[in-house]
Amino acid sequence: MKRSLLVIICCLLATNCFCWGFYAHKKINYYAVFLLPPEMMVLYKPNIDFLEEHAVDPDKRRYAVADEGPKHYIDIDHYGTYPYPNLPRKWKDVVDKFGEDSVREYGIVPWHIQTMLYRLTDAFKEKNFARIMRNSAEIGHYIADSHVPLHANSNHNGQYTNQKGIHGFWESRVPELLADSKFDFFIGKAQYIDRPGEYTWARVLESALASDSVLRFERELTKQFGADQKYSFETRNGVVIRQYSSTFTNAFNNKLDGMVERRMRLSIASIASFWYTAWVNAGQPDLKGLANQKLTEADLKEFEKLNNSWKSTDKMIGRQEE
Ligand SMILES: [Zn+2]
């Protein structure tokens, strides 16, 4: 293959990767709906397409808004080693200690989830259909990101260890190849979360701990496989793309002992539980009357604007995750 063509192919591969991948984010929000109690299901089930489609809005916004990126990750190793005793868990404390600019630079996903929880709770109190839907879809995104190991590690795309591409490999390629045929998404019920802050930090610490295995296992398998078996070429929409081969992807998934499925399942359970917690904290408003409401013209215009700005560029603002 000519070198120039190979470059085009690699670029295509690079610009098509997102956190958890669009595919997984949509699936995760979708399945979360089925864990809700009937009083919530009455609103969420008829609007499941919205929750699925808008699961990826925060990633689209990363192409248009400069301060969006840090809401999706935390480079927690910047703060020392596990379990990071020098990192204050409360926003005010961490900002007092390190300054807001620095905290934002290394990522704020655990704190942003709390902000989103307040927004969703307020939306329930107001019984505001559009705000409930939008904030439900978007908190789902940030919660799911916090379950991804490489969203809690500064070596987020293996860029320091010659493993570029591993970000999309774990969160896009593995679920796209295996979720439909092999993963089980039958998961109990949403649970009320007494301490959402502590709950989120527990998930983020799990992610941080798992990130070392993710990087190490890929390195070990690469040694075993060699480049010709690691990658394969496939035609998608008439374009040849290079991707991790099915054999390599399966071997990685086996070595991780089902970690991607486990984190996906936990993401689903966590999202449903946050939705449920927000509703309970808002006083369990009756949602029956909201079920058939529609979005306003202004809402639809805003979504269209976001979509257009996302389609018009392939450059993420801030750090890249391809
Ligand atoms: Zn994201």
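In what follows, the accompanying structure is described. Throughout this description, residue numbers start from 1 for each chain and increase along the sequence as written. The predicted origin of the model limits local features to residues at a pLDDT of at least 70 and limits the giving and counting of side-chain atom pairs to 80 or more, whereas totals for whole chains, interfaces and linings rest on all residues. No hydrogens and no water enter the side-chain calculation; it runs on all heavy atoms of the structure.

Considerations on the pattern of salt bridges
For side chains bearing opposite charge, pairing can occur when the charged atoms are close.
At step 1: In the sections that follow, a salt bridge refers to a side-chain nitrogen of Lys or Arg positioned within 4 Å of a carboxyl oxygen of Asp or Glu. All chains considered together, the criterion is met by 18 salt bridges.
At step 2: Where Glu206 meets Arg203, a salt bridge forms, and the shortest distance between an N and an O atom there is 2.8 Å. A residue pair is termed a helical-turn pair when its members lie 3 or 4 positions apart in one helix, as Glu206 and Arg203 do in helix H11 (residues 196–225) at three residues.
At step 3: Accessibility here uses a 1.4 Å probe with only protein chains present; expressed as a share of the type maximum, an area under 20% marks a residue as buried, one over 50% as exposed, and anything in between as partly exposed. You can call Glu206 partly exposed: its relative accessible area is 30%.
At step 4: Accessibility expressed as a relative area gives 12% for Arg203, which makes it buried.
At step 5: In this structure, Glu220 engages Lys255 in a salt bridge whose closest nitrogen and oxygen atoms are separated by 3.0 Å. Here Lys255 lies in helix H13 (residues 246–255) and Glu220 lies in helix H11, a separation of 35 residues in the sequence. Numbering goes from the N terminus for both helices and strands, where a helix is a DSSP run of H or I of at least four residues and a strand is a run of E of at least two.

Some remarks on the side chain of Asn253
At step 1: As for its placement among the helices and strands, Asn253 is situated in helix H13.
At step 2: Among the residues examined, Asn253 registers a relative accessible area of 10% and is labelled buried.
At step 3: With sequence-adjacent residues up to four places away left out, Asn253 is seen in contact with Val174, Leu178, Phe183, Gly258 and Val260. Only heavy atoms matter for contacts: two residues are in contact if any of them lie within 4.5 Å across the pair.

Structural notes on the packing of H11 against helix H14 (residues 259–281)
At step 1: At a minimum axis separation of 13 Å, H11 and H14 run at an interaxial angle of 170°. In this view, H11 runs roughly antiparallel relative to H14, as classed from their interaxial angle. As for how H11 packs across H14, the hand of that crossing is left-handed. For the pair formed by H11 and H14, the contact residues are Pro196, Tyr199, Thr200, Arg203, Glu206, Ser207, Ala210 and Val214 on the first element and Met259, Arg263, Leu266, Ser270 and Phe274 on the second. Axis lines are fitted through C-alpha atoms, for helices just across the contact stretch, and the angle between N-to-C directions can take any value from 0 to 180 degrees. Each angle gets one of four labels, with under 35 degrees taken as roughly parallel, over 145 as roughly antiparallel, 65 to 115 as roughly perpendicular, and the rest as oblique. Handedness of a crossing follows from how the near helix is turned relative to the far one, being left-handed for an anticlockwise turn of less than a right angle and right-handed for a clockwise one.

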